[in-house]
Amino acid sequence: MTVIVAGTLEFDPATAEQAILSGRKHIEGAYTEKGCVHYAWTLDPLNPGRVYVFEEWTTQEDLAVHLADHWYTDMAAHLGQSGLKSADVKKYRVDLSEPVYDPQGKPRADFFTEK
C-alpha cells in the first residue's frame, strides 16, 4: 500500500532556503532508496520560513527502512542544526489512486474508477 508523508516545517525566514539547499545531498540520497517515488522539500513563497514536505513510498516497509537509514537520520540532524523551529508532518496510507481528470477531461472529486 502506498504511503504519503506530507506536512510543514517552520524555520527562521532568513535561514529556511539555505537549510533546504544545504540538505540537498540527503534528499538526493533518499531518492536512491528502494520504494522512494517522491521526496520533495519546497519553500512556501507566501509564508516565509515554511517548507512543505512531500514524500511517496511504495510500501510501509520501504518507509520503515528509510526511517532507520542514515539519509533520514542525517537529514534530521541537519535540520536541527539549521534552526528548525517546528514540524507538523504526518503519514497517510493510500488504498486508491486515480487521476483528477476523467477520460472526458472533466475534473472530479469523486473516485470514478471505483465500482
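Because the structure is predicted, anything quoted here is derived from the model rather than measured.

Undergrad: Summarise the overall build of the chain; cite the residues concerned and give the values.
TA: Tallying secondary structure elements over the chain gives four helices and four strands in all. Going from the N terminus to the C terminus, the chain shows its helices and strands as β-α-α-β-β-α-α-β. For the chain, the spread of C-alpha atoms along the three principal axes comes to 50 × 35 × 20 Å. Going through the 115 residues of the chain one by one, you find that 32% of them count as buried.

Undergrad: Would you mind going over the packing of aromatic side chains in detail, with residue names and values included?
TA: Summed over all chains, the structure comprises three aromatic pairs. Taken together, a centroid distance of 6.5 Å and an interplanar angle of 70° make the contact between Tyr-31 and Tyr-39 edge-to-face. Look at Tyr-31 and you get partly exposed, because its relative accessible area is 40%. What makes Tyr-39 buried here is its relative accessible area of 3%.

Undergrad: Any details on the nonpolar core? Residues and values, ideally.
TA: In terms of nonpolar packing, the biggest core is built from 18 residues, with Leu-9, Phe-11, Tyr-39, Trp-41 and Trp-57 touching the most fellow members. Those elements giving two or more residues to this core turn out to be β1 (2-10), α1 (16-21), α2 (24-31), β2 (36-43), β3 (50-57) and α4 (70-81). What Trp-41 contacts, discounting residues up to four positions off in sequence, is Leu-9, Ile-20, Ile-27, Val-51, Tyr-52, Val-53, Glu-55, Met-75 and Leu-79.

Undergrad: So what's going on with α2? Which residues, and what values?
TA: Listed as buried for α2 are His-26, Ile-27, Gly-29 and Ala-30. Down the axis of α2, the smallest arc covering the buried residues is 160°, so these residues share one side. Pointing more than 90 degrees away from the buried face of α2 are the exposed residues Arg-24 and Lys-25.

Undergrad: Before we move on, could you go through the pattern of salt bridges and cite the residues and values that matter?
TA: By the definition in use, this model includes six salt bridges. Between Asp-102 and Arg-108 there is a salt bridge; the shortest N-O distance is 3.3 Å. Since its relative accessible area comes to 9%, Asp-102 is described here as buried. In this structure, a network of salt bridges that share partners links the residues Asp-102, Arg-108 and Asp-110.

Undergrad: Run through the sheet that holds β3, naming residues and quoting values.
TA: Judged by pairing direction, the sheet is antiparallel, and its four strands sit side by side in the order β2-β3-β1-β4 without closing on themselves. The open sheet has two edge strands with one neighbour each: β2 and β4 (86-94). The sheet shows a mean angle of 10° between the axes of neighbouring strands, taken without regard to direction. Relative to β3, β2 is paired through seven bridges, and the arrangement is antiparallel. By the bridge assignment for β3, Trp-41 is matched with Val-53. The strands touched by helix α3 (residues 60-68) within the sheet are β1, β2, β3 and β4, with β3 carrying the most contacts at an inclination of about 130°.

Undergrad: With reference to specific residues and values, describe the environment of Trp-41.
TA: By the secondary structure assignment, Trp-41 is in strand β2. Along the primary structure Trp-41 and Ala-76 are separated by 35 residues, whereas in three dimensions their C-alpha atoms are 13 Å apart.

Rules behind the numbers
Residues numbered from 1 in each chain as written. Predicted model: local features only at pLDDT ≥ 70, side-chain atom pairs only at ≥ 80, totals over all residues. Heavy atoms only, no water. Helix = DSSP H or I, 4+ residues; strand = E, 2+ residues; numbered from the N terminus. Buried < 20%, exposed > 50% of the residue type's maximum accessible area, 1.4 Å probe, protein only. Phe/Tyr/Trp six-rings, centres within 6.5 Å; stacked < 30°, edge-to-face > 60°. Core = buried A, V, L, I, M, F, W, Y, C linked by side-chain atoms within 4.5 Å. Contact = heavy atoms within 4.5 Å. Arc of directions from axis to C-beta. Salt bridge = Lys/Arg side-chain N within 4 Å of Asp/Glu carboxyl O. Pairing = 2+ DSSP bridges. Axes fitted to C-alpha atoms, helices over the stretch in contact; angles between N-to-C directions.

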